[in-house]
Amino acid sequence: MTARLRQAMAGLHTWAGVCLGTLLFIIFWMGSLSVFDREIDRWMMPATRLPAPAATPSLDATVVPVAERLAAGAAMWTVVLPGARVPAIELRYTDGQGQPVRRHIDPASGRLLPEAGSVGASGFFFPFHFRLHLRFADLGYWLVGAAGMAMLVLLVSGVIVHRRIFSDFFTFRPTRALPRAVLDVHNLSGVLVLPFHFVITLSGLIIFFAIYFPAAYQVAYTGAAGGARAAFDQAAFGSWQRPASGRPGELASLDAMLATARALWQGREAYQVRVRHPGDAAAYVEIRRSVADDIPMNIDRLIFDGTSGRLLHRHGARPVMAVQRFIAGLHFIQFRHGLLRGLYFVAGLAGCMMIGSGLLFWLAARRRRGAGAGMRLVEALTVGGMTGTMIATLAFLLANRLLPAELAGRAGVEMQVFFGVWVLGFCHAALRPHEAWRAQSRMIGLAAVAAVVLNTLTTGLHPLAAVAAGQWAVAGVDGVLLLSAGLAGWAARHGRRSSTAAHAAVDGGHG
Amino acid sequence: MVSRVLAAVGAGYAFAAGAVALLAVALPAVAGMAHSEAVVLAAMLGFIIYLLVLLWAAVEPRLWRVWAGLLGGAALSWVLALGIRLPVAA
């Protein structure tokens, strides 16, 4: 390997890291939280903390009457069947104002649960992870995609730059001077979890292949009737549609359709039932197979006629698509495996730690050469992007427990709290660069403890009671909150001013 | 520096997208693959192609070769892709 190549790679690694590191940290942070989004949902939506349903409930008895009342006039409504992670039936539709609505139904009694007043982790952290809540012109997708490509470039160039990759496994000198210790954290977290980082980044990009390389279907399906995208979706994903007739129609038994689906799929379960044009004579029902059984995110789906219950269309992935769905499944880990999900969470946080310590190493090395305006900016962005994002995350949870249930637009206020606190975190980091690390670490500790206390006060379920009640999702969220409080407190107390950043980096990985 | 970044990110993407478009229409024509399958395979390979292009653009010492290689390659693959484009069987 020539010195020139190594030098070029070092420059590439530095600049790609400094420019996109903070964005990558945020994406990894939100992705790590999304691994347990359903569990955080239970914490944030106390009414849905139900025992796991023993058998598949009757949709005709529990859901259809509710859906016909609530979603009257909607172009479609969707039912997500309950399972171990989401014990309540979910009903989704778009209301008269065009706003998406998600309601929960107790599968045992068929009772409609009160409005959650929150989009939860699955409605906030998860979309944050892949589109940053920027809907305009798919801008969020493209920023995340650019960061993803930069991550691949950083991983390859990082391997080339580090000449002693194997001995880096065993090198950690926390007592050494700041830049060296931070670099050890960077190398250790980078090397140990390298295969995971490469696979998770590449698979994340591949999930959205149709957004990032629209050229493929645009050229292949030019001039197709109904547009290139629709033609491709129909061939690849089995999208099936027909217009409404305008004549009223009675919906046939959904339970009977589910029984047919189960038989066609050799006993494997469905997870989603979608009724299009409900109440119309041309209504049709799309049933999707559960992704909890195996790694690939299968696209097995059946289309039934809404009024007769007759099977109209059946779709499954073709070979290359099946490979794509396998790669997507590796990324989403929706299959049943709690331990593996835990490892994904830890590996994702190790990614945060690697990205954060890389930025801190650059800052520490730069500071020795004197601070410029550019460095000040990166410093503020780094602190705000790391500890600030964690505080905003906790503020989102605190708002969830503090806002009154009857507040109009409560779910939106929760999100505004996140963004408001986030902006404050960046401002604080820009105005008080020398204290921001310690102050924000202390705030993380306080907010995490406050979240656990508020959950106990508002729902009566303290962590030990949650364990006793078998509410593992709630107990787990509380446990991780308490653990992060401890780590943040330790970081704030032990972080001397000169090395605060290093401790904050370690804390960042565990928060 | 700015010119190299523009070449890598901009011209590099044009090249990668061109290669993806070419593969998406060439695979059914050459290997008899289904159109939808070729689209998925081509787009998945696109990320690897783009990664290699970005790395090459960072390493190649002569900047004019980066520009020429990527713009030339992009033009060639787009012309070929649009040339081969087959009528889609419905």
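1. Some words on the overall build of chain A
- Looking only at helices and strands, one finds 19 helices and seven strands in chain A.
- In chain A, which comprises 511 residues, the share counted as buried stands at 45%.
- Restricting the contact set of chain A to residue pairs at least 6 apart, pairs at least 24 apart contribute 69%.

2. Points about unusual backbone geometry
All names here are of chain A.
- Phi is positive for His133, close to 60°, though the residue is something other than glycine.
- Relative to the helices and strands, His133 resides in the loop between helix 4 (120-131) and helix 5 (139-161).
- The exposed category is assigned to His133, around which 11 C-beta atoms lie within 10 Å.
- Although it is not a glycine, Ala137 adopts a positive phi angle of roughly 50°.
- By the element assignment, Ala137 lies in the loop between helix 4 and helix 5.

3. Description of the domain arrangement of chain A
- When its domains are assigned, chain A resolves into domain 1 (3-45 + 127-207 + 337-510) and domain 2 (51-114 + 239-315).
- Here the C-alpha centre of domain 2 of chain A lies 37 Å away from the C-alpha centre of domain 1 of chain A.

4. Observations concerning the packing of helix 3 (residues 59-70) of chain A against helix 11 (residues 254-264) of chain A
Residue and element names in this part refer to chain A.
- The geometry of helix 3 relative to helix 11 is characterised by a closest axis approach of 8 Å and an angle of 125° between their N-to-C directions. Judged on the interaxial angle alone, helix 11 and helix 3 are oblique. Here Leu59, Asp60 and Val64 of helix 3 come into contact with helix 11, specifically with Leu254, Asp255 and Leu258.
- Per-class residue counts for the contact of helix 3 with helix 11 are four nonpolar, no polar and two charged.

5. Thoughts on the interface of chain A and chain B
- The interface of chain A with chain B comprises 30 residues on the first partner and 28 residues on the second.
- Looking at the side of chain A that touches chain B, the elements that each hand over two or more residues are helix 1 (3-35), helix 5, helix 7 (194-207), helix 8 (209-212), helix 9 (214-220), helix 10 (228-237) and helix 12 (319-332) of chain A.
- Of all the elements, helix 9 of chain A adds the most residues to the side of chain A that touches chain B, at five residues.

6. Some words on the confidence of the model for chain B
- Chain-level pLDDT for chain B is 92 on average; 94% of the residues reach the 70-or-more range.
- This prediction of the complex comes with two scores: 0.92 for pTM and 0.94 for ipTM.

7. Comments concerning the environment of Gly117(A)
All names here are of chain A.
- Considering the arrangement of structural elements, one finds Gly117 in the loop between strand 3 (100-105) and helix 4.
- The exposure class of Gly117 is buried, given the 21 C-beta atoms found within 10 Å.
- Measuring from C-alpha to C-alpha, the distance between Gly117 and Gly227 comes to 38 Å, with 110 residues separating the pair along the chain.

8. Considering the nonpolar core
- In terms of nonpolar packing, the biggest core is built from 150 residues, with Ala216(A), Val20(B) and Ala24(B) touching the most fellow members.
- Counting residues per element, this core draws most heavily on helix 1 (residues 2-31) of chain B, at 16 residues.
- Shared between two domains, this core holds at least three residues of each, these being domain 1 (3-45 + 127-207 + 337-510) and domain 2 (51-114 + 239-315) of chain A.
- Non-local contacts of Ala216(A), meaning those with residues more than four positions away in its chain, are made with Val20(B), Ala21(B), Ala24(B), Val39(B), Ala42(B) and Ala43(B).
- In this structure, Leu91(A), Leu254(A), Met257(A) and Leu302(A) belong to the second largest nonpolar core, which totals 28 residues.

9. A word on the sheet that holds strand 4 (residues 270-276) of chain A
All names here are of chain A.
- Here we have seven strands laid out as an open sheet, ordered 3-2-1-4-5-6-7, and antiparallel in their pairing. Looking at strand neighbours, the two that pair on one side only are strand 3 and strand 7 (311-315), the edges of this open sheet. Strand-to-strand twist of the sheet, defined as the mean angle between neighbouring strand axes without regard to direction, takes the value 15°.
- Taken together, the five bridges between strand 1 (residues 76-80) and strand 4 define a ladder with antiparallel strand orientation.

10. Observations concerning helix 7 of chain A
- Spanning 14 residues, helix 7 of chain A covers 20 Å between terminal C-alpha atoms, matching the ideal 20 Å at 1.5 Å per step.
- On its buried face, helix 7 of chain A sits against helix 5, helix 8, helix 12 and helix 13 (338-367) of chain A together with helix 2 (35-59) of chain B.

11. Comments concerning the confidence of the model for chain A
- Confidence in the prediction for chain A averages 90 pLDDT; 93% of positions are at 70 or higher.
- Taken as a whole, residues 496-511 of chain A scores under 50 in pLDDT and shows 52 contacts with residues more than four places along the chain or in a different chain.

12. Here's the deal with the pairing of strand 3 of chain A
All names here are of chain A.
- Of the pairings in the sheet, the one linking strand 2 (residues 89-94) to strand 3 comprises six bridges and is antiparallel in character. Looking at the pairing, Thr94 lines up with Pro100 of strand 3.
- The turn joining strand 2 and strand 3, which pair antiparallel and follow one another in sequence, is formed by five residues; a positive phi near 80° is taken by Gly98.

13. Section: the pairing of strand 5 (residues 284-289) of chain A
All names here are of chain A.
- Here strand 5 lies mainly inside the structure; six of its six residues are buried.
- On strand 5, burial covers both faces: Tyr284, Glu286 and Arg288 on one face and Val285, Ile287 and Arg289 on the other are all buried.
- Of the strand pairs in this sheet, strand 4 and strand 5 are connected by six bridges, and their pairing is antiparallel. Residue pairing for strand 5: Val273 is matched across the bridge by Ile287.

14. Comments concerning the environment of Gly17(A)
Residues and elements named next belong to chain A.
- The topology assignment puts Gly17 in helix 1.
- For the pair Gly17 and Gly358, spaced 341 residues apart in sequence, the C-alpha to C-alpha distance is 7.6 Å.
- Leaving out residues up to four positions away in the same chain, Gly17 has contacts with Leu154, Gly358, Leu359 and Trp362.

15. Here's the deal with the packing of helix 10 of chain A against helix 2 of chain B
- Following both chains from N to C, one finds helix 10 of chain A and helix 2 of chain B inclined at 95°, their axes separated by 9 Å at the closest point. Here helix 2 of chain B runs roughly perpendicular to helix 10 of chain A, going by the angle between their axes. Across the interface between the two elements, Phe232(A), Ala235(A) and Ala236(A) from helix 10 of chain A touch His35(B), Ser36(B), Val39(B) and Val40(B) from helix 2 of chain B.
- Among the residues making up the contact of helix 10 of chain A with helix 2 of chain B, the classes are represented as five nonpolar, two polar and no charged.

Rules of the game
Residues numbered from 1 in each chain as written. Chains lettered and ligands numbered in written order. Predicted model: local features only at pLDDT ≥ 70, side-chain atom pairs only at ≥ 80, totals over all residues. Helix = DSSP H or I, 4+ residues; strand = E, 2+ residues; numbered from the N terminus. Buried ≥ 20, exposed ≤ 12 C-beta atoms within 10 Å, placed from the backbone. Contact = placed C-beta atoms within 7 Å. Domains from an automatic or database assignment. Axes fitted to C-alpha atoms, helices over the stretch in contact; angles between N-to-C directions. Parallel < 35°, antiparallel > 145°, perpendicular 65-115°, else oblique. Nonpolar A, V, L, I, M, F, W, Y, C, P; charged D, E, K, R; others polar. pLDDT = per-residue confidence, 0-100. Core = buried A, V, L, I, M, F, W, Y, C linked by C-beta atoms within 7 Å. Pairing = 2+ DSSP bridges. Expected span 1.5 Å × (residues − 1).

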